[in-house]
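Coordinate analysis (summary)
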Amino acid sequence: DTEVTQTPKHLVMGMTNKKSLKCEQHMGHRAMYWYKQKAKKPPELMFVYSYEKLSINESVPSRFSPECPNSSLLNLHLHALQPEDSALYLCASSQAGGRPQHFGDGTRLSIL
Amino acid sequence: AQSVTQLDSQVPVFEEAPVELRCNYSSSVSVYLFWYVQYPNQGLQLLLKYLSGSTLVESINGFEAEFNKSQTSFHLRKPSVHISDTAEYFCAVSYTGGFKTIFGAGTRLFVKA
């Protein structure tokens, strides 16, 4: 069982749709991450929140909008995505920077 | 700049044989080192970590890795693999207080019966 829960597990959306990915952890971790992973590749960092504030944005297109409503929740709002955005989106958390990260099982996103 | 090199993209091995997955890193500062495993349709799971102390670290399922500072390596080994060890293995580095984890390209371990 993973300690980081992501919903939904699968998402299919058109290029004009708006949807959100959700992530929740109850380990008291203060750092939370969004990664994008393409098939047979390592995860690519997108965003990092530390103490509920955005610390890192890896030059991600504005069609991806992160939100951290509280210390346990992390959302990724999606709008006007492109087919190349189809990927596995992973959420992770850690006690602090540099420490081991705990990953959710991801949301597999397909853009039609 | 930090980087991680996993020298083998795929490692096929027979069940009950030993295996070594190689990882080298480069960094100008002290690092933390990790091995993560990813099974099909799952996220990454932490397998091993080196933060400080003993350079040999072990996991509960028989894997071990040794931090070699002079060779800047953190190779993963298991004396006898099982079919269930078939997965993608990622070596990764981070540093104190840093939020960026640098992942290697991954090694696909395929255990054959």
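Bear in mind that the values here come from a model prediction, so they are computed numbers and not experimental data.

1. Some points on the pairing of strand S5 (residues 32–38) of chain B
Residue and element names in this part refer to chain B. With respect to burial, S5 is a largely interior element, seven of its seven residues being buried. Neither face of S5 is exposed, since Tyr 32, Phe 34, Tyr 36 and Gln 38 on one face and Leu 33, Trp 35 and Val 37 on the opposite face are all buried. By the bridge criterion, seven bridges tie S5 to strand S10 (residues 87–94) in an arrangement that is antiparallel. Pairing of Tyr 32 across the sheet is with Ser 94, part of S10. Relative to strand S6 (residues 44–50), S5 is paired through six bridges, and the arrangement is antiparallel. Residue pairing across strands places Leu 33 opposite Tyr 50, the latter belonging to S6. Between the end of S5 and the start of S6, which pair antiparallel, lie five residues, with Asn 41 showing a positive phi angle near 60°.

2. A few points about the pattern of salt bridges
Using the criterion set out here, one finds eight salt bridges over all chains in the structure. For Glu58(A), the salt bridge is made with Lys100(B), and the minimal N-O distance between the two is 3.0 Å. Taken together, the residues span two chains, with Glu58(A) in the loop between strand S6 (53–57) and strand S7 (64–70) and Lys100(B) in the loop between S10 and strand S11 (102–103). Classification of Glu58(A) as partly exposed rests on a relative accessible area of 33%. Residues Arg77(B) and Glu64(B) are paired through a salt bridge, measuring 3.6 Å at the closest nitrogen-oxygen approach. Residue Arg77(B) is located in strand S9 (residues 73–78), and its partner Glu64(B) is located in strand S8 (residues 64–68); the two are separated by 13 residues in the primary sequence. One salt-bridge network, in which partners are shared between bridges, spans Glu20(B), Glu64(B), Glu66(B) and Arg77(B).

3. Describing the packing of aromatic side chains
This structure, assessed with the given rule, holds 12 aromatic pairs over all chains. Between Tyr50(B) and Phe67(B), the aromatic rings sit 4.4 Å apart at their centres with planes inclined by 25°, giving stacked as the arrangement. Separated by 17 residues along the polypeptide, Tyr50(B) in strand S6 and Phe67(B) in strand S8 bring together distant segments of the chain. A relative accessible area of 12% means that Phe67(B) is categorised as buried. Taken together, Tyr33(A), Tyr35(A), Phe103(A), Phe34(B), Tyr36(B), Phe90(B) and Phe103(B) form an aromatic cluster joined through their ring pairs. Sitting above the plane of the Tyr32(B) ring, Arg99(A) keeps its charged end 5.6 Å from the centroid. Against the face of Phe14(B) rests Lys112(B), its NZ or CZ located 4.5 Å from the ring centre.

Reading the values: the criteria
Residues numbered from 1 in each chain as written. Chains lettered and ligands numbered in written order. Predicted model: local features only at pLDDT ≥ 70, side-chain atom pairs only at ≥ 80, totals over all residues. Heavy atoms only, no water. Buried < 20%, exposed > 50% of the residue type's maximum accessible area, 1.4 Å probe, protein only. Helix = DSSP H or I, 4+ residues; strand = E, 2+ residues; numbered from the N terminus. Pairing = 2+ DSSP bridges. Salt bridge = Lys/Arg side-chain N within 4 Å of Asp/Glu carboxyl O. Phe/Tyr/Trp six-rings, centres within 6.5 Å; stacked < 30°, edge-to-face > 60°. Lys NZ or Arg CZ within 6 Å of the ring centre and 35° of its normal.

Purely geometric numbers; function is a separate question.
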